[in-house]
Amino acid sequence: MAMKLVVIGAGMASGRAMEHLLAANDEIYDITLFGAEPRGNYNRIMLSPVLSGQKSYEEIVTHDAEWYRSHGVDCRFGEIVTGIDRIRKVVISAKGETPYDKLLIATGSSPFIIPVPGRDLKGVMAYRDLGDVNAMLEYSQRPDPRAVVIGGGLLGLEAAAGLSAQGMKVTVVHLMPHLMERQLDQSAGFLLQSELEKRGIDILCGANTKEIQGEAQVSGVLLEDGREIPADMVVMAVGIRPNFGLAQASGLRYNRGLLVNDQMKTDDPEIFAIGECVEHRGGTYGLVAPLYDMAKVAAKNLLGFHETFEPVEISTKLKVTGCDLFSAGDFAEAKGREEIVYRDATQGIYKRLVIEDNRIIGVVMYGDTVDGPWFLQKLKDAEDISEIRDTLIFGPNFAGGAALDPLAAVAALPDDSEICGCNGISKGDIISAINNGAGSLAEVQALTKASTSCGTCLGLTTQLTALTLGDGFKLPEAAGMCKCTDLSHQDVRKFIRLKALKSIPAIMQDLEWGSSGGCAACRPALNYYLVAEWPGEYVDDGQSRFINERVHANIQKDGTYSVVPRMFGGMTTPDELRAIADAADKYNVPSVHVTGGQRIDLLGVQKEDLPAMWADLNAAGMVSGHAYAKGLRTVKTCVGKDHCRFGTQDSTGLGIKLEKALWGAWSPHKFKLAVSGCPRNCAEATCKDFGIICVDSGYKLLVGGAAGMDLRETELLGTVETEADALEHCAAFYQLYRENAQYLHRPYKWIAEVGLDWVIEQIMDNAENRAALADRFFFSQSFYQTDPWAERAQGGEAHEFTPMADLTQVAAE
Amino acid sequence: MSNFIDIGALGDIPQQGARLVKTAAGCIAIFRTVEDKVFALDDKCPHKGGPLSNGIQHGEAVTCPLHNWVFDLNTGVAAGVDVGQVQTYPVKVENGRVLIDKNSIATKAAAA
Ligand code: SRM
Ligand SMILES: Cc1cc2nc3c(=O)[nH]c(=O)nc-3n(C[C@H](O)[C@H](O)[C@H](O)COP(=O)(O)OP(=O)(O)OC[C@H]3O[C@@H](n4cnc5c(N)ncnc54)[C@H](O)[C@@H]3O)c2cc1C
Ligand code: SF4
Ligand code: FES
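Structural notes, computed from the coordinates.

What counts and what doesn't
- Residues numbered from 1 in each chain as written.
- Chains lettered and ligands numbered in written order.
- Predicted model: local features only at pLDDT ≥ 70, side-chain atom pairs only at ≥ 80, totals over all residues.
- Heavy atoms only, no water.
- Salt bridge = Lys/Arg side-chain N within 4 Å of Asp/Glu carboxyl O.
- Buried < 20%, exposed > 50% of the residue type's maximum accessible area, 1.4 Å probe, protein only.
- Contact = heavy atoms within 4.5 Å.
- Buried area = accessible area lost by both parts, 1.4 Å probe.
- Polar contact = N/O pair within 3.5 Å; in protein donor to acceptor, adjacent residues only side chain to side chain.
- Helix = DSSP H or I, 4+ residues; strand = E, 2+ residues; numbered from the N terminus.
- Nonpolar A, V, L, I, M, F, W, Y, C, P; charged D, E, K, R; others polar.
- Pairing = 2+ DSSP bridges.
- Axes fitted to C-alpha atoms, helices over the stretch in contact; angles between N-to-C directions.
- Near = heavy atom within 4 Å.
- Phe/Tyr/Trp six-rings, centres within 6.5 Å; stacked < 30°, edge-to-face > 60°.
- Lys NZ or Arg CZ within 6 Å of the ring centre and 35° of its normal.
- Areas by Shrake-Rupley, 256 points an atom, 1.4 Å probe, with all protein chains shown as cover.
- Core = buried A, V, L, I, M, F, W, Y, C linked by side-chain atoms within 4.5 Å.
- Parallel < 35°, antiparallel > 145°, perpendicular 65-115°, else oblique.
- Left-handed = near helix turned anticlockwise from the far one by under 90°.
- Expected span 1.5 Å × (residues − 1).
- 1 Å grid on protein atoms, 1.4 Å probe; cavity = no way out; pocket = protein on both sides within 12 Å on 5 of 7 lines; lining within 4 Å.
- Points joined across faces, edges and corners; volume = space filled by probe spheres on them.

## So, the pattern of salt bridges
Residue and element names in this part refer to chain A.
- Using the criterion set out here, one finds 46 salt bridges over all chains in the structure.
- Between Arg-76 and Glu-79 there is a salt bridge, and its shortest N-O distance comes to 3.2 Å.
- Judged by its relative accessible area of 22%, Arg-76 is partly exposed.
- Of the charged contacts in the structure, one is a salt bridge between Arg-337 and Glu-356, with a shortest N-O distance of 3.3 Å.

Listed below in structure tokens is the structure:
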């Protein structure tokens, strides 16, 4: 029978330990894992990018309930372990007792809260977990929000930069004379301070907090010297303490942390401990690299191997974009120590090496940190540097002042120098991944995990990949449309036209695709290019479309679909509404939502019900709204001249005409329109791909707006006098975009590439060209303006909606 | 011992596509590659349950429609840094017919 392993803590160390353990053997233990936070393990290091809005929580999850379930681990998120009974070998939580044969403690650390009056007020928080980040984000939404961050160390500054990026007015209160005094010397601390001040963050060094002010809620911070700083919230980031109260109460030996030996065992032979909660050979830890090593060692020992943990020298970086700093080792001044310093004031570069007995023992760098790993390696190796001392500070690349090749620095690194600190990946590891077949940055990342944790080594990893692959390397952005080809989107489009390539296999054959059948990135793009280039001739390849466009509905998180019938120009009728209501009843639609596109969304439809539901909607005269399409979406309108006292033209009527003309068209990305009856702009035409504002004298045509991930205001394409002109110009613009833009680029991206002037020239200044574009558009519409729902309601693509066989009767034997 | 049963014709499945087989313990997705190889996997992504049959099939892999994890159809193992595995089932094609191992389906039903 399997032994029982209980794990306390769902953090970075335990997650890594579980990976090592389960990869090696998932049968030896029945595992139960407790985590105090109401969620699975996530990459805690990346909380700062989540705070600043550069990443979402979903992107930093490492092990969620699904992962544990698929590995047979019973995970108890949100359940705090309150006691360990070592005699009966059980752990105690609110839901009862859980027995163990082996126990792994990975409870991390707790933020230290300075004991000043007011520390319990609402709005005082630490910076440790996602709950803290969410609380901070909530405060940042207030009008004119202000924050005080107490502590100018690594965490405090990341919090300050994140809050400032969220629009808060931030003041950092730091007790010591300069920032990050544990990692930086005075000069580097000063450079960092000026950079942060340039971004509008106030920094008060040598400032001691006396009191946090406020009634129930924080209103400000009072300093010893009498200064008062108003604040809506206060973040305490003054340090962490190993969190081992639980272990302590059960009688395990401790000092500053829970004591472990080289095998990561506590003084109870059945109990292991790893992470920030432990003390090993007199040291405690606050960075992940050594914790990952501990995790591996503990996993091995739990499997019966004998492996020992050996702490290695680690370096620190600050994850604030634009503040490049690097620090490692001991850089305090002391007798017998010498230093080498390099400064470039204009560029804000500062480098300092601390030398003892001809060996580097400390490195501090600011502004240019490329050589950091090279110095760190010399420090780790305790290499005698007396021979190269004169040029040492210029790094591996020193060539008598000649211009530096950025790749030369990476080239000069020895193979064992560490590139990715978080994951312990050396230059040699990356080179061997490439020798084992990794042919791109993405593949190097997949094979080694380099630059996938905190991301600060992405530049180095990229350079090293470029260097090792040599000519075989293409930077992801500029180059090939995907890993199957080095040709860019534009190249491929050109070849499709020039060589008259009319099917996906033809393109792949002719352009020497590197994979047998393409990939999920290139196939949808190729399919679109062919649809756009050869209307009427090309046979659409459904299997190369994303599921939404394949089944003409939006897939939902639970695998059901949503259905949005078209309502031309946002107009509907009682009959249409009745038909929608009937369909909602008949197919048990759980939610009906009025969309932001002036129509109605039926959410949560079972896939197999789609064709029948569409038949019903068709019968009431409705067609697909293409709410899922890289194609024409909605035309929003306002009520216009018919009803509104300010309306200048029939905006609703024009909207309906436009939508009737354009629906069914496919494009590189979605295409949204709106028509407003006057400059009050109630239909929000100024943030659409194509917007029209009616004025007394005619119609202002606006292009290149968006209100999604980027917020873009439209720019004026031109003004026309009649509805017919507006329609022709719109069709011509849509066609120009369809023919030229790269797949998945909205019009604003494409206009930024080709220039608005060029677009104006093509559409406004050249009537012949405009007419030709509009003709090509309507020619294409003669094939594509068909209702995909009707085709499927009549039995088309039935394989999508019906199972191929029913084996529910095959019973368990 | 395996015990193959007929679930339909190869031609019932589109190339680079998938069809479903219903079982007492959830659906199994039957994939057909561009080279007419056939694979069977649970129609449930280990990440957040995405229906893999609705993904884009390429090479001998499928990309989940919900968050783009990529699974090797041979092993059901997630590619790259994503960690997860989908249950696979023995299938084969004989004389244009697709056959699946009945015992493995019975085992699946029993486990449910
Ligand atoms: C249903 C709707 C929300 C609602 O209930 O109101 C909606 C729902 C979705 N939107 Fe949207 N968007 C909806 C209006 C909008 C709007 C507002 C508008 O159109 O006036 C915007 C901002 C305007 C814009 O596009 O510039 C909007 C910006 C996005 C974006 C960001 C696009 C961008 O370029 O940044 C995405 C992501 C994408 O398309 O790649 C998106 C993607 C999505 C998807 C398709 C997400 C997905 O891929 O699964 C959502 C499908 C939900 C579902 O399961 O049905 N949705 N979406 C709205 C449908 C309008 C309609 O009637 O067709
Ligand atoms: C904002 C921020 C930025 C950081 N940046 C970096 C960086 O750039 N580089 C770097 O190397 N490190 C960084 N760190 C430090 C790094 O995140 C930690 O070193 C690491 O997370 C510690 O791992 P751990 O497993 O020991 O503890 P944790 O990840 O904290 O996990 C411990 C878990 O145990 C749970 N727990 C505690 N007690 C109990 C109980 N009784 N019952 C059940 N569960 C319990 C806790 O809720 C917690 O989820 C950063 C930390 C923060 C907060
Ligand atoms: S904003 Fe759009 S994409 Fe985001 S959750 Fe809402 S519907 Fe989905
Ligand atoms: S559910 Fe499959 S990738 Fe998220």
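## Structural notes on the interface of chain B and chain A
- Contact with chain B, which involves 44 residues of that partner, is made by 42 residues of chain A.
- Between chain B and chain A the total buried area reaches about 3300 Å² when both faces are included, carbon and sulfur atoms providing 61% of it.
- Where chain B packs against chain A, one counts zero salt bridges.
- Here chain B is connected to chain A by eleven residue pairs in polar contact (both at pLDDT 80 or more).
- Among the elements of the structure, strand E1 (4-9), strand E2 (17-23), strand E5 (56-58), strand E10 (97-101) and helix H1 (102-111) of chain B are those that each provide at least two residues to the side of chain B that touches chain A.
- Looking at side-chain class alone, the side of chain B that touches chain A contains 23 nonpolar, 15 polar and six charged residues.

## A short note on the sheet that holds strand E31 (residues 561-563) of chain A
Residues and elements named next belong to chain A.
- Here four strands make up an open sheet; going across it, the order is E30-E31-E33-E32 and the pairing antiparallel. A single partner strand is all that each edge strand has here, and the edge strands are strand E30 (554-555) and strand E32 (591-594).
- The pairing of E31 with strand E33 (residues 600-605) spans three bridges and is antiparallel. Its bridge partner being in E33, Val-563 is matched across the sheet by Leu-602.
- Together, E31 and E33 form the strand contacts of helix H20 (residues 610-619), whose direction differs from that of E31 by roughly 5°.

## Details of the site of ligand 1
Residues and elements named next belong to chain A.
- Inspection of the region around ligand 1 gives 22 residues, with Gln-556, His-593, Gly-596, Lys-670 and Arg-746 positioned closest.
- Here His-593 contributes a side-chain N or O atom positioned 2.5 Å from an oxygen atom of ligand 1.
- Within the backbone of Gly-708, an N or O atom sits 3.5 Å from an oxygen atom of ligand 1.
- Of all the elements in the fold, those that place two or more residues in the shell around ligand 1 are E33, strand E34 (632-637) and strand E38 (706-707).

## Examining the sheet that holds E10 of chain B
Residue and element names in this part refer to chain B.
- Taken together, the three strands give an open sheet; going across it, the order is E1-E10-E9, and neighbouring strands pair in antiparallel fashion. Pairing within the sheet leaves two strands with one partner each, and these edge strands are E1 and strand E9 (91-94). Sheet twist, expressed as the average angle between the axes of neighbouring strands with direction ignored, equals 35°.
- When E9 meets E10, the two strands line up antiparallel, connected through four bridges. Residue pairing across strands places Val-93 opposite Val-98, the latter belonging to E10.
- Strands in contact with H1 are E1 and E10; relative to E10, the strand with the most contacts, it is inclined by about 50°.

## A look at the packing of aromatic side chains
Residue and element names in this part refer to chain A.
- Evaluation of the coordinates by the stated rule reveals 22 aromatic pairs over all chains.
- When the ring of Trp-614 is compared with that of Trp-789, the centres are 5.4 Å apart and the planes differ by 5°; the resulting orientation is stacked. Here Trp-789 lies in helix H26 (residues 788-793) and Trp-614 lies in helix H20, a separation of 175 residues in the sequence. Of the two residues, Trp-614 and Trp-789, both sit in the buried class.
- Linked through ring pairs, Phe-671, Phe-690, Phe-733, Tyr-734, Tyr-737, Trp-750, Phe-777 and Phe-778 together constitute an aromatic cluster.
- Sitting over the ring of Trp-374, Lys-378 keeps its end group 4.2 Å from the ring centre.

## Quick word on the site of ligand 2
All names here are of chain A.
- In the region of ligand 2, 31 residues are neighbours, and Ala-13, Arg-128, Glu-276, Val-288 and Lys-319 sit closest.
- A distance of 2.6 Å separates an oxygen atom of ligand 2 from a polar side-chain atom of Arg-128.
- Taken by itself ligand 2 offers 990 Å² of open surface, and the protein chains cover 92% of this.
- Of all the secondary structure elements, the ones that give two or more residues to the shell around ligand 2 are helix H1 (12-24), strand E2 (29-35), helix H6 (154-165) and helix H9 (288-302).
- Of the residues assigned to the shell around ligand 2, the class counts are 16 nonpolar, eight polar and seven charged.

## Focus on the nonpolar core
- Membership of the largest hydrophobic core comes to 65 residues, with the highest contact counts inside it found for Ile-507, Trp-513, Val-563 and Met-613 of chain A together with Phe-71 of chain B.
- Top contributing element to this core by residue count: helix H17 (residues 522-533) of chain A, with eight residues.
- Residues contacting Val-563 of chain A, with those up to four places away along its chain left out, are Ile-600, Asp-601, Leu-602, Val-605, Leu-610, Met-613, Trp-614, Leu-617 and Trp-789 of chain A.
- Of all hydrophobic cores here, the second largest spans 49 residues; its members include Leu-21, Leu-22, Met-294 and Phe-309 of chain A.

## Topic: the packing of H1 of chain A against H9 of chain A
All names here are of chain A.
- Following both chains from N to C, one finds H1 and H9 inclined at 40°, their axes separated by 8 Å at the closest point. With respect to each other, H1 and H9 are oriented oblique. Where H1 crosses over H9, the two elements pack in a sense that is right-handed. Between H1, through Met-12, Ala-13, Arg-16, Ala-17, His-20 and Leu-21, and H9, the contact on the second element is made entirely by Val-288, Leu-291, Tyr-292, Ala-295, Lys-296, Ala-299 and Leu-302.
- In the contact of H1 with H9, the residues fall into ten nonpolar, one polar and two charged.

## Observations regarding helix H14 (residues 458-469) of chain A
All names here are of chain A.
- When the terminal C-alpha atoms of H14 are compared, their 16 Å separation across twelve residues agrees well with the 16 Å that a helix rising 1.5 Å per residue should span.
- Those residues of H14 that sit buried are Leu-460, Thr-461, Thr-462, Leu-464, Thr-465 and Ala-466.
- Positive backbone phi, at 60°, marks Gly-470, one or two positions downstream of H14.

## Concerning the packing of helix H15 (residues 489-498) of chain A against helix H22 (residues 723-740) of chain A
Residue and element names in this part refer to chain A.
- Viewed as axis vectors pointing N to C, H15 and H22 meet at an angle of 100°, and their least axial separation amounts to 10 Å. What the angle tells us is that H15 and H22 run roughly perpendicular. In this structure, H15 uses Gln-490, Arg-493 and Arg-497 to contact H22, whose residues at the interface are Arg-738, Glu-739 and Asn-740.
- Residue composition of the contact of H15 with H22, by class: no nonpolar, two polar and four charged.

## Structural notes on empty space enclosed by the protein
All names here are of chain A.
- Per the stated rule, a full pass over the model turns up two cavities of 30 Å³ or more.
- Roughly 60 Å³ of volume is contained in the largest cavity.
- Lining the largest cavity are Pro-524, Asn-527, Tyr-528, Ser-544, Arg-545, Glu-549, Lys-630, Trp-666, Ser-667 and Tyr-743.
- Here the lining of the largest cavity takes three residues from H17, the largest share from any one element.
- By volume, the second largest cavity amounts to about 40 Å³.
- As for the second largest cavity, its lining consists of His-552, Ala-553, Asn-554, Ser-562, Val-563, Val-564, His-626, Ala-627, Tyr-628 and Trp-789.
- In terms of residue class, the lining of the second largest cavity is made up of six nonpolar, four polar and no charged.

## Focus: the pairing of strand E24 (residues 325-329) of chain A
All names here are of chain A.
- The element E24 is extensively covered by neighbouring structure, given that four of its five residues are classed as buried.
- Bridge count for strand E23 (residues 315-316) against E24 is two bridges, and the pairing is antiparallel. What sits directly across from Thr-316, in E24, is Ser-327.
- When E24 meets strand E27 (residues 359-366), the two strands line up antiparallel, connected through five bridges. Within E27, the residue paired with Ser-327 across the bridge is Val-364.

## A few points about the pairing of strand E15 (residues 209-214) of chain A
Residues and elements named next belong to chain A.
- Taken together, the five bridges between E15 and strand E16 (residues 218-223) define a ladder with antiparallel strand orientation. Bridge assignment links Ile-212 to a residue of E16, and that residue is Val-221.
- Counted along the chain from E15 to the antiparallel partner E16, the turn is three residues long.

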